[in-house]
Amino acid sequence: MADEVLTHNRTLESIDKSTVDCDEEMRRAASNAATDAGLIERVELSEEDNKRIRRKTDKVILSILIWVYFLQILDKSVLGYGSIFGLQQDTGLKGNQYSLVGSIAPIAQLAWQPFSSILIVKVPHRILMPCLVLGWGIAQTAMAGCKNYSSLLATRFFLGLFEAGCLPLFSVITNQWYRRAEQPIRVAAWYSTNGLATIVAAALSYGLGHIPSETLKSWQIIFLFVGLVTIISAPFIYWKLDNSITTARFFTPHEKLQAVERLRANQTGIGSRDFELSHLYEILLEPKTYLWISMSLLLNVGASVTNTFGPLILSGLNYNKYITSLLNMPFGFLQFVLILLSSYLAQHYRLKSPILLALVLPVIAGLAILYALPRSHSNTAPLLVGYYLLAFLFGSNPLIVSWIVGNTAGTTKKSVIMSLYNAGSAAGNIIGPLLFNSKDAPSYHPGLRAVLGIFVALAGVIVLQVGVLVVLNKRQGDRRVNNGKAREIRDVSMENEYVGIEAEGVGVGEHAFDLTDGKNDEFVYIY
């Protein structure tokens, strides 16, 4: 036993040494060692060990993900509050120019996605994440100095460029550190900062907007504050973040082995520095890829409406700019609660698609209310209810993200599929603001009518994806039978408590770290 532990420790020491070495061949060796199931041998793992490792991971990795995603949403959402405090008038925006300023960031994200998928694989996460944070923090700070339409476009473009890798990077990191059963609530933990950022942005706008200044406008003070907080955060992220389980400074050598073992049942890998073109081809040939992208596109058309035009819709209710900013706080609280609640239900029932469908229905109802009721003082209460019902859509994104990464194996494949998902999100954020023209204010009927149809289509796509996954699982069962294995394999990665995959038979899980879901007949797709 002592010799085995020594061998394991030497394996991990060699991986750690390789990761920090600048020589490309050493990096490749480290990557192969980290993903080769033969090198990372099986070790015993109890439920107590499982909980201890999970707590350590939450304390470091999840804390960073929560803070950084909060900053990203905060920096992105303050544009709407800047508009309330005179941004459009001070910079001379006319016609659809405000819409285009809102759309340029996702245009940059869309253009950058191919590079994001490569960077997420090739660049260590400890380097990549703080660089992205620093970049968009500088862009946000620079927005405070904008005097016209062109300068706003330029700064928002770079904001979107550096934010482009955030969601796919976070999704890959969550998948590489957590069991599939744990992923929905962890994705929800960082994604729920959508709601917290909305609350904080509203409170900050209200507070900072009252600062008297002859030099700076209220919106400039808001942009400066959130941008500088982001810039200051970058070095702390580099200090605390680790690249992977095998190089984690907060694990002992034996805990690294146990942390790897507890993810074996995922059958999705734990990370690699090699960009595999075969994974790209596999993605392009799979129908489920295009359904994931469709979900992202359709959902985020609606999300962009609330981010960019939410404060403007509220201002159409004839409140002053300070009250209008505060009215977004209940909306943010609803986002926060719904994201956590929906992900908890998905984890508890081990199903995501029924929860997703349940979240779409209130959004359709809210859009119908906003479309049908005239903007009058007597309709203020029902209009607010309709607007707040749109918060249900924010419970959908983290479920879709955890649904995708839970159904995708292989580092390159996960990186590319999440970049494509983010491209769909960016496209939705481009289309959304363009559906709303200033000449349609304050009712925005044409835009609301279009978004209403989009959410009906989203419900249909979710049902279709479930059908595709059912067919894939049936095909997996046929493949197992042809390979001399049992048709049915219990998906122990979805159990609330740790269960070793060896319980499913001798040899099961041997390729948990080196095959894609399309190549591994033991992979079980989740609904």
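Going by the structure above, here's the rest.
(A) Quick look at the overall build of the protein. Scanning the protein from N- to C-terminus turns up 21 helices and zero strands. Scored against the burial criterion, the 527 residues of the protein give a buried share of 59%. Counting contacts in the protein only where the partners sit at least 6 residues apart, residues at least 24 apart contribute 83% of the total. Only carbon and sulfur atoms are counted for the fraction: they give 66% of the accessible area of the protein, which is about 20,000 Å².

(B) Here's a closer look at the environment of R180. Relative to the elements of secondary structure, R180 occurs in the loop between α8 (166-177) and α9 (183-191). Beyond its immediate stretch of four places on either side in the chain, R180 contacts N266, G406, D491, S493, M494, F523, V524 and I526.

(C) Focus on the pattern of salt bridges. Inspection of the entire model under this criterion finds 19 salt bridges. In this structure, D517 engages K413 in a salt bridge whose closest nitrogen and oxygen atoms are separated by 2.8 Å. In this pair, D517 is assigned in the segment after α21 (445-482) and K413 in helix α20 (residues 411-434), connecting sequence segments 104 residues apart. We classify D517 as buried; its relative accessible area is 0%. Through salt bridges that share partners, E282, E286, K288, K413, D517 and K519 make up one connected network.

(D) The packing of aromatic side chains, seen in detail. By the definition in use, this model includes 15 aromatic pairs. Seen in terms of ring centroids, F157 and F158 are 5.6 Å apart; in terms of plane orientation they differ by 90 degrees. Their pairing is edge-to-face. For F157, a relative accessible area of 30% translates into the label partly exposed. On the numbers, 4.6 Å between centres and 55 degrees between planes, the contact of F250 with F251 is tilted. Counting every residue linked through ring pairs, the aromatic cluster contains Y69, F170, W190 and Y191. The residue whose ring lies beneath R126 is Y238, and the NZ or CZ to ring-centre distance is 4.3 Å.

(E) How the structure looks around α9. The buried fraction of α9 amounts to eight of the nine residues, a majority that puts the element mostly inside the structure. Every buried residue belonging to α9 is among Q183, P184, R186, V187, A188, A189, W190 and Y191, and all of these are buried. Lining the buried residues of α9 we find α3 (47-84), α8, α10 (193-208), α16 (328-349) and α19 (396-406).

Calculation criteria
Residues numbered from 1 in each chain as written. Predicted model: local features only at pLDDT ≥ 70, side-chain atom pairs only at ≥ 80, totals over all residues. Heavy atoms only, no water. Helix = DSSP H or I, 4+ residues; strand = E, 2+ residues; numbered from the N terminus. Buried < 20%, exposed > 50% of the residue type's maximum accessible area, 1.4 Å probe, protein only. Contact = heavy atoms within 4.5 Å. Areas by Shrake-Rupley, 256 points an atom, 1.4 Å probe, with all protein chains shown as cover. Salt bridge = Lys/Arg side-chain N within 4 Å of Asp/Glu carboxyl O. Phe/Tyr/Trp six-rings, centres within 6.5 Å; stacked < 30°, edge-to-face > 60°. Lys NZ or Arg CZ within 6 Å of the ring centre and 35° of its normal.

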